[in-house]
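Per-entry structural report
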Amino acid sequence: MHILVQGNVRGNTLLDIGTGPTIHSVISACPYVQKIILSDYSQVNRDALQHWKDNKSQTGSALCKFILDLEGGKFHQTVPERFAEIRNKVSAILPVDLTQCSSIHLGNDYPDIIVSSLCFEVACKDVHEYIKVVQYVGSLMAHGCHLVVVGVLEETFYRVGKFSFRCLKITESEVKTAYTTNGFEIKTWKEYIPPPRTAEEAEFSDFQKAFVMHAVKV
Ligand SMILES: C[S@@+](CC[C@H](N)C(=O)[O-])C[C@H]1O[C@@H](n2cnc3c(N)ncnc32)[C@H](O)[C@@H]1O
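The Sequence similarities (unreviewed entry) comment attached to the chain in UniProt states, word for word, "Belongs to the class I-like SAM-binding methyltransferase superfamily. NNMT/PNMT/TEMT family."

Here it is in structure tokens:
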């Protein structure tokens, strides 16, 4: 979430959709917001996040150290201090099922920033469903609010350990159109094309490109 570091994205409340079992997606965003809401489909992942919030696990320390080094000491924080700030700012860990619109119960907490990493294409089985997700996410946001999405293009599967997960094979044009025709203006789009994979690497994922998109609700 280096986009926040660059100074374009600011806000009071940040919602991360599909956080997974670790808080890595909010480490760099944390100093720029007052409140952080995490969410995930899986109860196991939500329990892992709660466990971390309750200070019963320190998962993410190495990545946090890496991010603090990248920041160049800007916030004069150690890893335990950044973790304490995140624990303090995480106000809720919510269940979400993106395929069931209206599934996130935010109460009065309307997010100024929504972030989501590697989640929308995992949650959706076809492009139509992806578009519905974009519309739903847009319905959670006021005009001018920010959406930062990390995604992969043309991936059909990824593997974590011995478990293989399916993924929606979606093109760059389908992703961009889903946002621009559903109330978002894309401000920045950065992409990463992986080098040719070894046979062993090819067993873990077949994505053709990864992207980081910053869009604003218009
Ligand atoms: C590849 S992981 C990404 C986790 C984390 N955001 C990251 O970047 O490492 C995909 C996440 O999407 C969540 N997910 C899967 N289906 C979902 C759904 N229908 N609604 C919301 N989240 C879902 C999974 O539980 C998982 O945590």
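The topology assignment puts Met 141 in the loop between helix 6 (127-139) and strand 5 (146-153). In this structure the C-alpha to C-alpha distance between Met 141 and Val 216, which are 75 residues apart in sequence, comes to 9.5 Å. Contacts of Met 141, omitting those with residues within four sequence positions, involve Ile 114, His 146, Leu 147, Phe 184 and Lys 217.

Bridge count between strand 6 (residues 157-160) and strand 7 (residues 163-166): four bridges; the pairing is antiparallel. Opposite Val 160, over in strand 7, you have Phe 163 as the bridge partner. Linkage of strand 6 to strand 7, two consecutive antiparallel strands, is achieved through a turn of two residues, within which Gly 161 is found at a positive phi near 60 degrees.

On to the pairing of strand 5, then. Regular strands place their side chains on alternate faces of the sheet. By the criterion of burial, strand 5 is predominantly enclosed, with seven of the eight residues buried. Two strands pair when backbone bridges link them, and strand 4 (residues 113-117) and strand 5 are joined in this way by five bridges, in the parallel orientation. Among the inter-strand pairings, Ser 116 is bridged to a residue of strand 5, identified as Val 149. Where strand 5 meets strand 9 (residues 209-217), eight bridges bridge the pair, whose relative direction is antiparallel. What sits directly across from Val 150, in strand 9, is Val 212.

The next thing to look at is unusual backbone geometry. Of note, the phi angle at Asn 55 is positive, near 65 degrees, even though the residue is not glycine. Judged by relative accessible area, which is 47%, Asn 55 ranks as partly exposed. With phi around 55 degrees, Glu 154 is a residue other than glycine that occupies positive phi space. Mapped onto the elements, Glu 154 comes out in the loop between strand 5 and strand 6. The exposure class assigned to Glu 154 is partly exposed, which follows from its relative accessible area of 31%.

The next thing to look at is the confidence of the model for the chain. Considering every residue of the chain, the mean pLDDT works out to 94; 96% of them sit at 70 or more. Ranking the elements of the chain by mean pLDDT puts helix 1 (residues 2-5) last with 61 and helix 7 (residues 172-180) first with 98. Among the scores for the predicted complex, ipTM is 0.99 and pTM is 0.95.

The next thing to look at is the packing of aromatic side chains. On inspection of all chains with the given rule, the structure shows seven aromatic pairs. For the ring pair Trp 52 and Phe 83, a centre distance of 5.0 Å and an interplane angle of 80 degrees mean the geometry is edge-to-face. Note that Trp 52 is positioned in helix 2 (residues 43-53) and Phe 83 in helix 4 (residues 79-89), a separation of 31 residues in sequence. Residue classification places Phe 83 among the buried residues on the basis of a relative accessible area of 1%. The interplanar angle of 70 degrees and the centroid separation of 5.8 Å between the aromatic rings of Tyr 179 and Phe 184 together place this pair among those described as edge-to-face. Note on Tyr 179: relative accessible area 0%, which makes it buried. In this structure Phe 184 comes out as buried when scored by relative accessible area, which is 3%.

With 33 residues, the main nonpolar core has Phe 120, Tyr 130 and Tyr 179 as its most contacted residues. Only strand 1 (13-17), helix 6, strand 5, helix 7, strand 8 (184-192) and strand 9 provide two or more residues apiece to this core. Examining the composition of this core, we find that five residues originate from one element, helix 6, more than from any other. Setting aside chain neighbours within four positions, we find Tyr 179 in contact with Phe 120, Tyr 130, Val 134, Leu 147, Val 149, Phe 184, Ile 186 and Met 213. Ranked by size, the runner-up nonpolar core spans 23 residues in total, among them Val 9, Leu 68, Val 90 and Ile 113.

Thresholds applied
Residues numbered from 1 in each chain as written. Predicted model: local features only at pLDDT ≥ 70, side-chain atom pairs only at ≥ 80, totals over all residues. Heavy atoms only, no water. UniProt positions renumbered as here; feature names shortened; annotations may be inferred. Helix = DSSP H or I, 4+ residues; strand = E, 2+ residues; numbered from the N terminus. Contact = heavy atoms within 4.5 Å. Pairing = 2+ DSSP bridges. Buried < 20%, exposed > 50% of the residue type's maximum accessible area, 1.4 Å probe, protein only. pLDDT = per-residue confidence, 0-100. Phe/Tyr/Trp six-rings, centres within 6.5 Å; stacked < 30°, edge-to-face > 60°. Core = buried A, V, L, I, M, F, W, Y, C linked by side-chain atoms within 4.5 Å.

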